[in-house]
Amino acid sequence: MASQKLVAVFGAYGHTGRFVVAELAARGYVPVPSGRHAQALRELAHDLGLEPRVATVEDADSLDRALAGAVAVINCAGPFATTTGPLIDAALRAKIPYLDVAAELEANLDTFAHHRERAHEAGTVIVPAMAFFGGLGDLLATAAMGDWPQADEVHIAYALSSWHPTAGTRLSGAVSRERRGDDVRLRYRAGQWERRTDAAPTLTWTFPHPTGPREVIGEFTMADVVTVAHHLSVPDVTTYMTVEAVRDVAAPHTPAPAATDPHGRSDQTFLVDAVVRSGGRERRATARGQDIYAVTAPLVVEALERVLTGRTRCTGVASAGEIFDAPDFLHALSPYLDLDLDLGRSQGA
Ligand SMILES: NC(=O)c1ccc[n+]([C@@H]2O[C@H](COP(=O)([O-])OP(=O)(O)OC[C@H]3O[C@@H](n4cnc5c(N)ncnc54)[C@H](OP(=O)(O)O)[C@@H]3O)[C@@H](O)[C@H]2O)c1
């Protein structure tokens, strides 16, 4: 029972943070809204009858106060290049689990690279990218992989009906581009990260029925490439995005997501199609749902619940597919996801 368990949410009054706060409350936790903007925090906390804790990443004491008494912290404040390090340090001082929703490749890579030992020493867990990008694709790829100890390729293709980005998504994209250099993109091949300056390919990806063949940008490298490559023994990991969604997110005037249902979800729909290939055989797992920002809340809160109840496979810095039982986790999200987890196995793969 989650009752009276305080969970700090940094960036609580952001678009995604609000979904996370609501999901925590719905599951019986007591969200502790935190962030740097006192007025925005007070308004959110007042509406929900919660205790706001103002904190900034520049002031470690304020972060310690924000996390005091909490059993875990969820970081929803992006760009994560700025927030991840100070929040992880605070979580390690408090000896509590840290989860974030970062979809910034450089920040995700930094988290795996720089915090592993101290998290192990503290005996706690850090789960980066525990969200639509980074978490869901990793869980699907891990579930598809099943009992294969290794594979040749993982492909994760996204069909989004549209992509109306939040300010945070735009800012995180800009920070990532600045960190890697404007004309540089990353891809993961032969077990290595490559920095490339050529254009990403455009190709056709055949999604499961009824979506079917769609034009996608290949090597549209998302956080899933970091999380999958971190723990699955697969040399080539590639993500793809439908061209209309890429156009949406790149266009300067695409509006932010607007609520269209009582849960605050937009009308955006998604299909995530994970394909694993090994020695000419193929396994597949797919998930369909509504609103990539909203679905991040049940993903990260389900992860939190599993961490707090010891349903984990390791300590230290871990990705979703590594630390959780992927099929079991995905099935637990069936109120939010339409799943097909065993395409291919029925054909003897
Ligand atoms: N992996 C995924 O699938 C996934 C899903 C959802 C969101 N995200 C990521 O999560 C981040 C937030 O997204 P969003 O949709 O919630 O955006 P948003 O509505 O613009 O909210 C961003 C939040 O981050 C806070 N913030 C930014 N920089 C901060 C800093 N230096 N210190 C303290 N707070 C800071 C903002 O506070 P101020 O207003 O004070 O700046 C705001 O509360 C983005 O990076 C987005 O890409 C990823």
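The preceding data block contains the structure.
Because the structure is predicted, anything quoted here is derived from the model rather than measured. (Residues numbered from 1 in each chain as written. Predicted model: local features only at pLDDT ≥ 70, side-chain atom pairs only at ≥ 80, totals over all residues. Heavy atoms only, no water.)

Participant: Teacher, can you tell me more about the overall build of the protein chain here?
Facilitator: When helices and strands are tallied, the protein chain shows 13 helices and 16 strands. Radius of gyration (C-alpha) of the protein chain: 19 Å, near the 20 Å computed for a compact globule of 349 residues. Considered along the principal axes of its C-alpha atoms, the protein chain spans approximately 55 × 45 × 40 Å. Burial status across the protein chain gives 55% buried among its 349 residues. The contacts of the protein chain with a sequence gap of at least 6 include a subset with a gap of at least 24, amounting to 71%. Total accessible area computed for the protein chain in this model is approximately 14400 Å², and 50% of it derives from carbon and sulfur atoms. (Helix = DSSP H or I, 4+ residues; strand = E, 2+ residues; numbered from the N terminus. Rg over C-alpha atoms; globule rule 2.2 N^0.38 Å. Buried < 20%, exposed > 50% of the residue type's maximum accessible area, 1.4 Å probe, protein only. Contact = heavy atoms within 4.5 Å. Areas by Shrake-Rupley, 256 points an atom, 1.4 Å probe, with all protein chains shown as cover.)

Participant: Sorry, what's going on with the nonpolar core here?
Facilitator: For soluble globular proteins, the rule of thumb is that nonpolar side chains tend to be buried together. If you look at the biggest cluster of nonpolar residues, it comprises 82 residues, and the most contacted ones within it are Met130, Phe132, Leu136 and Trp163. A per-element tally of this core places helix H7 (residues 132-145) first, with 9 residues. The contacts of Leu136, once residues within four sequence positions are left out, are Ala131, Phe270, Val272, Ala287, Leu299, Leu330 and Leu337. Listed in part, the 25 residues of the second largest apolar core include Ala8, Leu67, Leu92 and Ala119. (Core = buried A, V, L, I, M, F, W, Y, C linked by side-chain atoms within 4.5 Å.)

Participant: What am I meant to see in the site of the ligand here?
Facilitator: Lining the immediate environment of the ligand, one finds 27 residues, of which Tyr13, His15, Arg36, Phe133 and Ser172 sit closest. Take Thr166: an N or O atom from its side chain is 2.8 Å from an oxygen atom of the ligand. Contacts to the ligand include Ser172, whose side-chain N or O atom sits 2.5 Å from an oxygen atom. For the ligand, the accessible surface in isolation is 910 Å², of which the surrounding protein chains cover 87%. Elements represented by at least two residues in the shell around the ligand include exactly helix H1 (15-26), helix H4 (80-94), H7 and helix H8 (167-180). Sort the elements by how many residues they give to the shell around the ligand and H8 lands first, with 4 residues. In the shell around the ligand, the residues fall into 13 nonpolar, 13 polar and 1 charged. (Near = heavy atom within 4 Å. Polar contact = N/O pair within 3.5 Å; in protein donor to acceptor, adjacent residues only side chain to side chain. Nonpolar A, V, L, I, M, F, W, Y, C, P; charged D, E, K, R; others polar.)

Participant: Would you mind showing me how to read H7 here?
Facilitator: Since there are 3.6 residues in each turn of an α-helix, residues three or four apart along the chain are aligned in direction. For H7, which comprises 14 residues, the first-to-last C-alpha distance of 19 Å matches the rise-based estimate of 20 Å (1.5 Å per residue) to within 8%. Counting buried positions over the 14 residues of H7 gives 14, a clear majority of the element. Positive phi appears at Gly146, one or two residues downstream of H7, with a value of about 55 degrees. (Expected span 1.5 Å × (residues − 1).)

Participant: Teacher, can you tell me more about helix H3 (residues 60-67) here?
Facilitator: For H3, the complete set of buried residues consists of Ser62, Leu63, Ala66 and Leu67. Seen from one end, H3 has its buried residues packed into an arc of 130 degrees, which puts them on one side. The inward-facing, buried residues of H3 contact strand E1 (6-10), strand E2 (30-35), strand E3 (53-54), strand E4 (72-75) and H4. Of the residues one or two after H3, Gly69 is the one with positive phi, at around 80 degrees. (Arc of directions from axis to C-beta.)

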